[in-house]
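As a plain string of letters, each chain reads:
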Amino acid sequence: MSMRRSRAAQEEHSGAWKVAFADLCLVLMCLFVVMWMLERRVFEEPSPSETQAGSTQQASHPNASAAHAASQADARHPAGELPNGQFESPADMARLAAAVQQLSDIANLSDHVSTAITPDGLRVRLADSDERGMFERGSATPSPGARALLSRIGGLLGGIDNALMIVGHTDAVRYRTAAADGYTNWHLSSDRALAARTALVAGGLPLDRVLMAVGMADHAPLRADDPLAAANRRIEFVVLTQTRAKQLAHMFGASQPAAVVFSGQNAEAEAAEITKLPERLKSLTTDGERSPDSSEP
């Protein structure tokens, strides 16, 4: 009799853990359901009232508002707000300049970026300051901020058909080298122009849009009165009008059929031809294109 009770008690005790295990599983399942609901609540889109409350809160915190504006600009690139095609008129260039300036404001580089509408097109300048450089000193490596800004500008220009001319400039500080093949400011300015081209293309600018990428060393200072000024260290690029782009391509390409080329071997005959140059230049303007000395953009 005692053996039967002992066995029954043992069987009853051995089944108790199953009940406890089932309770534990039930608790874990409830916890899983609660966590799943919380996860859906966090990642679902906010309601209109929540969006309005968030914008009100950002208006009371300028830093938060600036960060929100930067994230929106990254998500919706200003290039999508500009029409595609060829930009020719000053009004088109002014809109493009405003978009470039907006990108510089987002990148906190507005003090380093300036734009100007010229007869050649839109001129954009990215210059150093005494406090901050757009490239590492003595190097063609762009700073992270400059690289990011150039990449965004490349995306902005990606939908525009205008050709681009990129020019690198340095200050008058010389490298300490006397070798004829040593690294000089000519190399540095050219390498920086190519580095800017790389960043623009990485952002979305088509490769064939870059007509020229050259360096001028310190031969075109922005501040001629101070050749060592930080502002002289800069990258400039011009969004060229169609007329100016064609003129540059013809200047360095093969001679055109109507072009006048003098060899200097027959001075009298060539002097007579020089007197006819004004009429020749007029004949070069065809299909509504302006003459090379036109100041209209």
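Preceding this paragraph is the structure being described.
Residues numbered from 1 in each chain as written. Predicted model: local features only at pLDDT ≥ 70, side-chain atom pairs only at ≥ 80, totals over all residues. Heavy atoms only, no water.

**Description of the overall build of the protein**
The number of helices and strands found in the protein is 9 helices and 5 strands. In the protein, the succession of α and β elements from N to C terminus is α-α-α-α-β-β-α-β-α-β-β-α-α-α. Looking at the 297 residues of the protein, the share that counts as buried comes to 29%. Considering only contacts within the protein whose residues lie at least 6 apart along the sequence, 71% involve residues at least 24 apart. (Helix = DSSP H or I, 4+ residues; strand = E, 2+ residues; numbered from the N terminus. Buried < 20%, exposed > 50% of the residue type's maximum accessible area, 1.4 Å probe, protein only. Contact = heavy atoms within 4.5 Å.)

**With respect to the nonpolar core**
Core analysis: the biggest nonpolar cluster contains 34 residues, and Leu96, Leu149, Ile153, Leu157, Leu164, Ile166 and Phe237 have the highest contact counts within it. At the level of secondary structure, the elements contributing two or more residues to this core comprise helix H4 (90-106), strand E2 (121-127), helix H5 (144-157), strand E3 (164-169), helix H6 (185-203) and strand E5 (234-240). Setting aside anything within four residues of it in sequence, one finds leucine 164 in contact with Leu157, Leu200, Leu205, Arg209, Val210, Leu211, Met212, Phe237, Val238, Val239 and Leu240. By size, the runner-up hydrophobic cluster in this structure holds 8 residues, among which are Met212, Leu240, Ala245 and Leu248. (Core = buried A, V, L, I, M, F, W, Y, C linked by side-chain atoms within 4.5 Å.)

**Section: the pairing of E3**
Of all 6 residues that make up E3, 6 are buried, and the element is covered over most of its length. Sheet topology note: the E3/strand E4 (residues 210-215) ladder contains 5 bridges and is parallel. Each bridged residue has a counterpart across the sheet, and for glycine 168 the counterpart in E4 is glycine 215. Following the backbone out of E3, through H6 and into the adjacent parallel E4, one traces a crossover that is right-handed. With 6 bridges connecting them, E3 and E5 associate as antiparallel partners. Bridge pairing in E5 links histidine 169 to arginine 234. (Pairing = 2+ DSSP bridges. Right-handed = clockwise from strand over helix to strand, strands pointing away.)

**Remarks on the packing of aromatic side chains**
A ring pair, where both rings are aromatic, is described by two values, the distance of the centres and the angle of the planes. Inspection of the entire model under this criterion finds 1 aromatic pair. Measuring from ring centre to ring centre gives 5.4 Å for tyrosine 175 and tyrosine 183, while their planes differ by 85°; the resulting arrangement is edge-to-face. (Phe/Tyr/Trp six-rings, centres within 6.5 Å; stacked < 30°, edge-to-face > 60°.)

**Describing H6**
For H6, built from 19 residues, the straight-helix expectation of 27 Å at 1.5 Å per residue is met to within 8% by its first-to-last C-alpha distance of 27 Å. Of all the residues in H6, the buried ones are Asn185, Leu188, Ser189, Arg192, Ala193, Ala195, Ala196, Ala199 and Leu200. All buried residues of H6 project into a common sector of 160° when viewed along the axis, lining one side. Looking at the buried residues of H6, the elements they touch are H5, E3, E4 and E5. The first or second residue beyond H6 is glycine 204, which carries a positive phi of 130°. (Expected span 1.5 Å × (residues − 1). Arc of directions from axis to C-beta.)

**A few points about the environment of glutamine 101**
With respect to the helices and strands, the residue glutamine 101 is situated in helix H4. Classification of glutamine 101 by relative accessible area gives partly exposed; the value is 23%. The contact partners of glutamine 101, leaving out residues within four places of it in the chain, are Ser110, Val113 and Thr115.

**Thoughts on the sheet that holds E4**
The sheet built from 5 strands is open, its strands ordered E1-E2-E5-E3-E4 with mixed pairing. Two strands lie at the open edges of the sheet, namely strand E1 (113-118) and E4, each paired on one side alone. If you compare each strand with its neighbour and ignore which way they point, the axes differ by 15° on average. The pairing of E2 with E5 spans 7 bridges and is classified as antiparallel. (Axes fitted to C-alpha atoms, helices over the stretch in contact; angles between N-to-C directions.)

**Describing the pattern of salt bridges**
The full count for this structure, using the stated rule, is 11 salt bridges. With its nearest N and O atoms 2.4 Å apart, the salt bridge here joins arginine 244 to aspartate 120. Here arginine 244 is found in helix H7 (residues 242-252), whereas its partner aspartate 120 is found in the loop between E1 and E2, with 124 residues between them in sequence. With a relative accessible area of 28%, aspartate 120 lands in the partly exposed category. Note that arginine 234 and glutamate 236 form a salt bridge whose closest N and O atoms lie 2.6 Å from each other. For arginine 234, a relative accessible area of 5% translates into the label buried. One salt-bridge network, in which partners are shared between bridges, spans Arg123, Arg125, Arg234 and Glu236. (Salt bridge = Lys/Arg side-chain N within 4 Å of Asp/Glu carboxyl O.)

**Considerations on H5**
With 14 residues, H5 extends 20 Å between its outermost C-alpha atoms, agreeing within 8% with the 20 Å of an ideal straight helix rising 1.5 Å per residue. Within the sequence span of H5, burial applies to Ala146, Leu149, Leu150, Ile153, Gly154, Gly155, Leu156 and Leu157. Where H5 is buried, its residues touch H4, E1, E2, E3, H6 and E5.

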